[in-house]
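# Summary of structural features
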Amino acid sequence: MIMVELRKMLRRRRTWVTIALLDALPTLVAVLLATTNLGPQPGTGPAFLSAVLSNGNLFPAAALAIVLPLFLPVAVAVVAGDAVAGEAQAGTLRYLLIRPVGRTRLLVAKLVSVVAFTLIAVVVVAVTAYFVGTHLFGSAPLPTVSGGPTLSPAQATLRTGLAILYVGLSMLGVAAVALLLSTFVDSPLAATLGALAVLIASTVLLTLDAAHALNPYLPTRYWLAFVDLFRQPILWRDLVRGVALQVVYVGVLLLAAWANFTTKDVTS
Amino acid sequence: MSDSVILTRALTKRFGSLTAVDAVDLDVRPGDIYGFLGPNGSGKTTTVRMLLGLVLATSGSVELLGEPVPRRAKRALGRVGALVEGPAAYGDLSGRANLTLADAAGPGGPRPTRKRRVDEALERVGLSEVGRRPVKAYSLGMRQRLGLAAALLRRPELLVLDEPTNGLDPQGIHEVRALLIELNAAGTTVFLSSHLLAEVEQVCGRIGVLDEGRLVLQDDVAALRAPTGNTVVSTPDADRAVSLLDGRVAARDGDRLVVRGPEPADLNALLVGEGIRVTELILERRTLEEIVLGITGPGSDRVDGRAAR
């Protein structure tokens, strides 16, 4: 069943259009930077961008920082929100279940397919950004964010890999919200928008002093902590909290999704 | 365990305060073509969904091919093919691709023979030359055929079909009917949910009738349609016949009389002996329509107050 879901996801044109669009924004940013040579002042604008002009090796991390706040969560929420509700709306859910595909198995297969999509999207963004970056800006040993000693190529690759995994996990949190909502409603649009509403609420609360007590528990709180992977030495504090927070969110939400989906009447 | 293919006991489903299905005891036996009838909103679809484990019963039990549903539904469902409330498929993919995915999704279908199973199912429903067109370009009838093909994919022992001729032209309806009779002759039990009484009358050996969630009738069609004991006589000399038979005429419609009483042969002899010409003389049998309409109320889509009895 997992293979069937992966095949369905990879065969859909929407998957590849979404990934292409995700790639377009960082590429556009790179081209604009390269042609105008106008980088943001250090400390302003998206992370890493000020340093990219002198070093294209840093562009994968910069590209992740560009798509992370909005583009990537939207893409993930669309795919995950569609997972169950899309089948319900098309009427194919009932035929899958009587084939029969167990409800738990179907949910797991959907989850795997969403995770695969997220990883493919993040990796494609990073790899494209690497080629675009090194091509447009040239490459140099990777400097660290805090201006310490430079990273060796092996270290740089490893840390970019870790960054990809961290961003992937953060997006899994988004996917879990959308998947849970997707088991409740028969409209994929409602599930996607619901998940995005959660993210927007979290972002708004983060900027609010009055919500300070909630801060450490907001799902988007540690998203940008992957920047700390490029410090020397790595600043683990926020990264560890970010991973722990996402793991709890993902665990609880998926459990709720499973509990709901395995006991609900499928009337679509 | 029982010999029945579908056996429900006091099957009940409540949605909030609405009782959609009320203590239904279905009994479908091997080899039946079972017609499941009832007005719109009488609970047919909810019942079918409970049989297949899609909707969970509030109380009561379902046994499908001897397995309790939903507890061990997976073991039974692999031997069941179903069409529930219209076909559904992935619109971007071709019919063949849809069937291939469906075959891969379920248990048991070995990969090397997958293409053969898909081809066979498409051929069965007359879609073998359909090519690579995506399903969204299919006509309603083609979609219906594709849905049937998906139901037939595993050579099921039991077919559960909800309005299988929906959207088909008379030719298509005839084909589906022939297909069902052929499959049944080869040993497939068919559970046919429909509100087309004529369709059910032509193929079904047993019927169950649902009205407002309750099973109000379950019997063999042959028994239901047994002669009523009356004889229908058509005669151009109707007035003379009425006065001759004196009180035994139960109903009269122009030249057509319904006569209570004697054997048709005796009645014929009596009439002819009196010089009354007879153009037609047959045993009265009730049609399925008369039977069903006699015991069911108006459907729930009628909202002028007459639905509330």
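Going by the structure above, here's the rest.
Residues numbered from 1 in each chain as written. Chains lettered and ligands numbered in written order. Predicted model: local features only at pLDDT ≥ 70, side-chain atom pairs only at ≥ 80, totals over all residues. Heavy atoms only, no water.

Moving on, we come to the overall build of chain A. Tallying secondary structure elements over chain A gives 10 helices and 0 strands in all. In sequence order, chain A lays out its α and β elements as α-α-α-α-α-α-α-α-α-α. In terms of overall size, chain A behaves like a compact globule, its C-alpha atoms giving a radius of gyration of 20 Å where 268 residues would be expected to give roughly 18 Å. Once the C-alpha set of chain A is aligned to its principal axes, its extents read approximately 60 × 45 × 30 Å. By the burial criterion, 50% of the 268 residues in chain A qualify as buried. A separation threshold of at least 6 residues defines the contact pool for chain A, and within that pool the share at least 24 residues apart is 76%. Each charge sign in chain A was given a centre, from 17 positive and 9 negative side chains, and these centres are 7 Å apart. (Helix = DSSP H or I, 4+ residues; strand = E, 2+ residues; numbered from the N terminus. Rg over C-alpha atoms; globule rule 2.2 N^0.38 Å. Buried < 20%, exposed > 50% of the residue type's maximum accessible area, 1.4 Å probe, protein only. Contact = heavy atoms within 4.5 Å. Lys, Arg positive; Asp, Glu negative; His and termini not counted. Charge placed at Lys NZ, Arg CZ, Asp CG, Glu CD.)

Moving on: the nonpolar core. Counting 156 residues, the largest nonpolar core has Phe-59 and Phe-226 of chain A together with Leu-52, Phe-191 and Ile-207 of chain B as its most contacted members. Ranked by size, the runner-up nonpolar core spans 9 residues in total, among them Leu-245, Leu-257, Val-259 and Ile-276 of chain B. (Core = buried A, V, L, I, M, F, W, Y, C linked by side-chain atoms within 4.5 Å.)

Tallying the contact residues gives 26 residues for chain A and 33 residues for chain B. Contact between chain A and chain B buries roughly 2400 Å² in total, counting both sides, with carbon and sulfur atoms accounting for 56%. Among the residues of chain A in contact with chain B, Ile-98, Arg-99 and Pro-100 of chain A are the three that bury the most area, contributing 29% of the side total. Linking chain A with chain B are 1 salt bridge. Residues Lys-13 of chain B and Asp-265 of chain A are paired through a salt bridge, measuring 2.7 Å at the closest nitrogen-oxygen approach. Linking chain A to chain B there are 15 residue pairs in polar contact (both at pLDDT 80 or more). (Buried area = accessible area lost by both parts, 1.4 Å probe. Salt bridge = Lys/Arg side-chain N within 4 Å of Asp/Glu carboxyl O. Polar contact = N/O pair within 3.5 Å; in protein donor to acceptor, adjacent residues only side chain to side chain.)

Let us now look at the packing of aromatic side chains. The geometry of two aromatic rings is summed up by the distance between their centres and the angle between their planes. The final tally for this structure, using the stated rule, is 4 aromatic pairs over all chains. Taking the centre distance of 5.7 Å and the plane angle of 75 degrees together, the rings of Tyr-130 of chain A and Phe-131 of chain A count as edge-to-face. The class of Tyr-130 of chain A is partly exposed, set by a relative accessible area of 39%. Between Tyr-34 of chain B and Phe-191 of chain B, the aromatic rings sit 5.4 Å apart at their centres with planes inclined by 10 degrees, giving stacked as the arrangement. With Tyr-34 of chain B in strand E4 (residues 33-37) and Phe-191 of chain B in strand E9 (residues 189-193), this pair connects stretches of sequence that are 157 residues apart. Neither residue differs from the other here; Tyr-34 of chain B and Phe-191 of chain B are each classed as buried. (Phe/Tyr/Trp six-rings, centres within 6.5 Å; stacked < 30°, edge-to-face > 60°.)

All names here are of chain B. All of the buried residues along helix H11 (residues 288-295) are Leu-288, Ile-291 and Val-292. Relative to the axis of H11, the buried residues are bounded by an arc of 90 degrees and lie together on one face. Turned more than 90 degrees away from the buried face of H11 sit Leu-293 and Gly-294, all of them exposed. Those residues of H11 that are buried are in contact with E4, helix H7 (197-203), strand E10 (206-211), strand E11 (214-220) and helix H8 (221-224). (Arc of directions from axis to C-beta.)

We now examine the pairing of strand E1 (residues 6-15) of chain B. Residues and elements named next belong to chain B. In terms of strand pairing, E1 meets strand E5 (residues 59-64) through 5 bridges, oriented antiparallel. Of the residues in E5, the one forming a bridge with Arg-9 is Ser-61. Bridge count for E1 against strand E3 (residues 27-28) is 2 bridges, and the pairing is antiparallel. Counterpart to Leu-7 in the pairing with E3 is Asp-27. Pairing of E1 with strand E2 (residues 18-24) involves 4 bridges; the strand directions are antiparallel. Note that in E2 the partner of Lys-13 across the bridge is Val-21. Hairpin connection between E1 and E2: a loop of 2 residues separates the two successive antiparallel strands, and Gly-16 in this loop has a positive phi of roughly 60 degrees. (Pairing = 2+ DSSP bridges.)

With that settled, consider unusual backbone geometry. With omega at 0 degrees, the peptide bond leading from Arg-99 of chain A into Pro-100 of chain A counts as cis. With respect to the helices, strands and loops of the structure, Pro-100 of chain A is situated in the loop between helix H6 (92-97) and helix H7 (103-137). Backbone torsion omega between Val-69 of chain B and Pro-70 of chain B reads 5 degrees, so that peptide bond is classified as cis. You can see Pro-70 of chain B is positioned in the loop between strand E6 (67-69) and helix H2 (73-77). Despite not being glycine, Ala-10 of chain B has its phi angle at roughly 50 degrees, a positive value. For Ala-10 of chain B, the location among the structural elements is in strand E1. One non-glycine residue, Ala-23 of chain B, lies in positive phi territory at about 50 degrees. Mapped onto the fold, Ala-23 of chain B is located in strand E2. Relative accessible area serves as the criterion here: at 39%, Ala-23 of chain B is assigned to the partly exposed category.

Let's shift gears to the environment of Glu-201 of chain B. All names here are of chain B. One can find Glu-201 in helix H7. Judged by its relative accessible area of 26%, Glu-201 falls in the partly exposed class. Along the backbone, Glu-201 and Leu-288 are 87 residues apart, and their C-alpha atoms lie at a distance of 6.5 Å. What Glu-201 contacts, discounting residues up to four positions off in sequence, is Arg-225, Thr-287 and Leu-288.

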